[in-house]
Every structure is written in structure tokens, then in C-alpha cells.
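Each chain is listed here by its residues.
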Amino acid sequence: MKDACRRCFQKVSEYLDGELEREICEEVEAHLRECPQCSKCYDSLRKTIQLCREGAMEEIPQDVHRRLRSAILECLEKREG
Amino acid sequence: MKKAANDTTDQRLIAQFKAGSAEAMEKIIEKYENSIFTFGLKMCGHRQDAEDIVQETFLNAFRYLEGFRQETKLRNWLFKIAARVCQKKRRKRKYEPDQELSLEALGQLNGSEGTFDIPDWSQLPSDEVLTAELKQVIQDAIVSLPPKYRFVFNLRDIQGFNTEETAEIMGISTQSVKTRLHRARLFLREKIASRYREGKTR
């Protein structure tokens, strides 16, 4: 890996999160414009995050939801009683 | 909902709970149960463990809500409890070494062009079978992350906490959050891409 690619590879997550200082951000941006390999890396990482974010959230199953309420109520009643 | 309005709602619910309102307690559970259940499931990989984590988190929360400090955000406080419950559960379970992910090794995987063919979520057909399969691929990949990376990835990318909040919840530095998050993402990219490749060549 070339030095510029290595640097971009190390910083690409912070770039995606908008957490880089302006100067480094511009440096990464310029490199991404001219390097197809790093641009692919950036793109695949962005898609990975999006995919995980969209596909990860779960809804609590109804039976778990019911058991949770009774357990909490029981516990609080014991404390108060 | 805007963050400030969200915080005000939470403060109101906490005050009502302290005054003895069961309805306020119900609303707090309703608001956060899905995200804590998701966190538990992505941390432990089992539905039963996720159920235990949700239950223990809320039980602890309601037990100590009396002493809750107004300057803390309820959501962050709940996840701090949930993270502790997960860690405790992990210690009780089988030995799971907290291995290091090396950036160099992950970088070597970056070498060949076109290796990371990641499906674009926004371009996917709305085929339920495919979605369920893909969800399983994502779930398996996240659960296979070494624990310390899994915690950070779940808090940052799934639950949407920022770097500072994640550092606070985990009790680590912001630099550690950034380092772990980057490696976690690279690891997941490889895992998902390789499963996707297998699926396409099957």
C-alpha cells in the first residue's frame, strides 16, 4: 500500500463520521478523488455501515415485552410492600 | 424528535415516576425497550440473553432512578447500565478472549480490487426472504466481532451515540472509541462481503 493510501485507509472512518480536522479532511478528500482503490474502500465501508444500521434494529417480541412488565411490577411491588 | 425536546420528555417522565406514577414507568419502558433489546441481542447473540439484559437493565434503572442526576441523559444512563449487565453476563458465560484486530491485517485485505462487494441497502429489492437472510448475515457478523469492538460498534453505529457519549458509557478514551470503531467496521466489511460472495457463487 502506498503511503498516501495507507494514510487514507487509517483515516477513512473518521472522514465518514465528519470527525477530521479541516486540513486532514481536505487531504483525504483530494486523495479519494484521484485514487480509485481508496475510493472503493470508502464506498464499501460506507455501505457496510448503512447496511448494518438499517438491518440491525429489532423489535422486542410480544412475549418478552409482557414478561418484562410483570417482572418489573412484581419487583417494585415487593419493594413497596 | 429533537434531542432537547426528547430530554425534556425524559425529565418529565422521571419526575412523574419519582412521584409514584406507574404510567411514567410504562412510558419509559416503551420508549427504550426495543433499542436495549437490540443492543442485548447484538452483544450476546441469543434471544434469551437479550431478554435477561433488558429485564436486568430496567430493574436496576427503576431501583436507582430515585438518585438519578438531572444533568445525565436517561438514554445514556440506561445504556451504561445495559453495558454493565452485558459485561457481567459475558464474564459468567464461556471464556471469550478479547482478541485484538490488527489494522495491518485488515489493511492487507484491502489490497485486491473489487473484493468488497457490499450490497447497497437503498438498492435492494423489497423481497422479505432476502431481507431476513441479509439480516441474519449482519447479525452473525456483528456477534463474531471480538467483544471490545462489538461494544463500540453497537453503541456508535447501531444505537447512534456519538464518540464522546460512547467513551463515557464504556469508560474509555475517545481515541480508543475511534480506533475500535474503525477496526470493527473493516472487520464487518470483510465478513459481510465474504458471506455475500459465497451466496452469489452458490
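Residues numbered from 1 in each chain as written. Chains lettered and ligands numbered in written order. Predicted model: local features only at pLDDT ≥ 70, side-chain atom pairs only at ≥ 80, totals over all residues.

> Talk me through the overall build of chain B; I want residue IDs and the actual numbers.
Helix and strand content of chain B: 9 helices and 0 strands. Seen in sequence order, chain B has helices and strands lined up from the N terminus as α-α-α-α-α-α-α-α-α. A burial count over chain B gives 36% of its 202 residues as buried. Within chain B, contacts between residues at least 6 apart in sequence are counted, and of these 67% link residues at least 24 apart. (Helix = DSSP H or I, 4+ residues; strand = E, 2+ residues; numbered from the N terminus. Buried ≥ 20, exposed ≤ 12 C-beta atoms within 10 Å, placed from the backbone. Contact = placed C-beta atoms within 7 Å.)

> Give me the packing of helix α4 (residues 74–92) of chain B against helix α8 (residues 163–170) of chain B: which residues, what numbers.
Residues and elements named next belong to chain B. Viewed as axis vectors pointing N to C, α4 and α8 meet at an angle of 45°, and their least axial separation amounts to 9 Å. It follows from the interaxial angle that α4 and α8 lie oblique. For α4 against α8, the interelement crossing comes out right-handed. Contacts between α4 and α8 involve N76, F79, K80 and A83 on the former and, on the latter, E165, E168, I169 and M170. Classifying every residue of the contact of α4 with α8 by side-chain character gives 4 nonpolar, 1 polar and 3 charged. (Axes fitted to C-alpha atoms, helices over the stretch in contact; angles between N-to-C directions. Parallel < 35°, antiparallel > 145°, perpendicular 65-115°, else oblique. Left-handed = near helix turned anticlockwise from the far one by under 90°. Nonpolar A, V, L, I, M, F, W, Y, C, P; charged D, E, K, R; others polar.)

> Go over helix α1 (residues 3–18) of chain B with me, naming the residues and quoting the values.
Residues and elements named next belong to chain B. Here α1 is 16 residues long and its end C-alpha atoms lie 23 Å apart, about the 22 Å a rise of 1.5 Å per residue gives. Those residues of α1 that fall on the buried side of the exposure criterion are D10, L13 and F17. Buried residues in α1, looked at end-on, bunch into an arc of 65°, giving them a common side. For α1, the exposed residues set more than 90 degrees away from the buried face come down to A4, A5, T8, R12, A15 and K18. (Expected span 1.5 Å × (residues − 1). Arc of directions from axis to C-beta.)

> Go over the domain arrangement of chain B with me, naming the residues and quoting the values.
All names here are of chain B. With domains assigned, chain B is organised as domain 1 (3–92) and domain 2 (103–201). Centre-to-centre separation of domain 1 and domain 2, based on C-alpha positions: 25 Å. At the junction of the two partners, domain 1 supplies 11 residues and domain 2 supplies 13 residues. Elements supplying a minimum of two residues to the side of domain 1 that touches domain 2: α2 (22–44) and α4. Of the residues in the side of domain 1 that touches domain 2, the class split is 4 nonpolar, 4 polar and 3 charged. (Domains from an automatic or database assignment.)

> Would you mind going over the interface of chain B and chain A in detail, with residue names and values included?
Between chain B and chain A, the residue contacts involve 35 residues of the former and 32 residues of the latter. If you list the elements that add at least two residues to the side of chain B that touches chain A, you get α2, α3 (47–64), α6 (128–143), α7 (147–158) and α9 (174–201) of chain B. Taken together, the residues of the side of chain B that touches chain A sort by class into 18 nonpolar, 7 polar and 10 charged.

> Go over the confidence of the model for chain A with me, naming the residues and quoting the values.
Within chain A, residue pLDDT values average 91, and 96% of them lie at 70 or more. Element-level mean pLDDT values for chain A span from 86 in helix α4 (residues 62–80) of chain A up to 96 in helix α2 (residues 22–34) of chain A. (pLDDT = per-residue confidence, 0-100.)

> Break down the nonpolar core for me, citing the residues and quoting the values.
A general tendency of soluble globular proteins is for nonpolar side chains to be buried together. All names here are of chain B. The biggest cluster of nonpolar side chains holds 62 residues, and the ones touching the most others in it are A82, I138 and V152. Here this core spans two domains, and each of domain 1 (3–92) and domain 2 (103–201) adds at least three residues to it. In contact with A82, not counting residues within four places along its chain, are I36, F39, G40, I53 and T57. (Core = buried A, V, L, I, M, F, W, Y, C linked by C-beta atoms within 7 Å.)

> Would you mind going over the packing of α7 of chain B against α8 of chain B in detail, with residue names and values included?
All names here are of chain B. Closest axis-to-axis distance for the α7/α8 pair is 10 Å, and the angle between their directions is 140°. Taken together, the axes of α7 and α8 are oblique relative to one another. For α7 against α8, the interelement crossing comes out right-handed. On α8, the residues touching F151, V152, L155 and R156 of α7 are T166, I169 and M170.

> Lay out the environment of D17 of chain A with the relevant residues and their values.
All names here are of chain A. Position of D17 among the secondary structure elements: in the loop between α1 (3–16) and α2. The exposure class of D17 is partly exposed, given the 16 C-beta atoms found within 10 Å. Sequence separation between D17 and D63 is 46 residues; the distance between their C-alpha atoms is 37 Å.

> Lay out α1 of chain A with the relevant residues and their values.
Residue and element names in this part refer to chain A. Its 14 residues give α1 an end-to-end C-alpha distance of 20 Å, which sits within 8% of 20 Å, the value for a rise of 1.5 Å per residue. Along α1, the largest kink reaches about 45° and is centred on Q10. Backbone geometry just after α1 places G18 at a positive phi near 65°. (Bend = angle between axes of the 7 residues up to and from the residue.)

> So, the environment of I53 of chain B: which residues are in play, and what are the values?
All names here are of chain B. The topology assignment puts I53 in helix α3. Take I53: there are 25 C-beta atoms within 10 Å of it, and that puts it in the buried class. Residues I53 and R84 lie 31 residues apart in sequence; the distance between their C-alpha atoms is 9.6 Å. Every residue in contact with I53, bar those within four places of it in the chain, is listed here: I36, G40, C44, A82, V85, C86 and K89.

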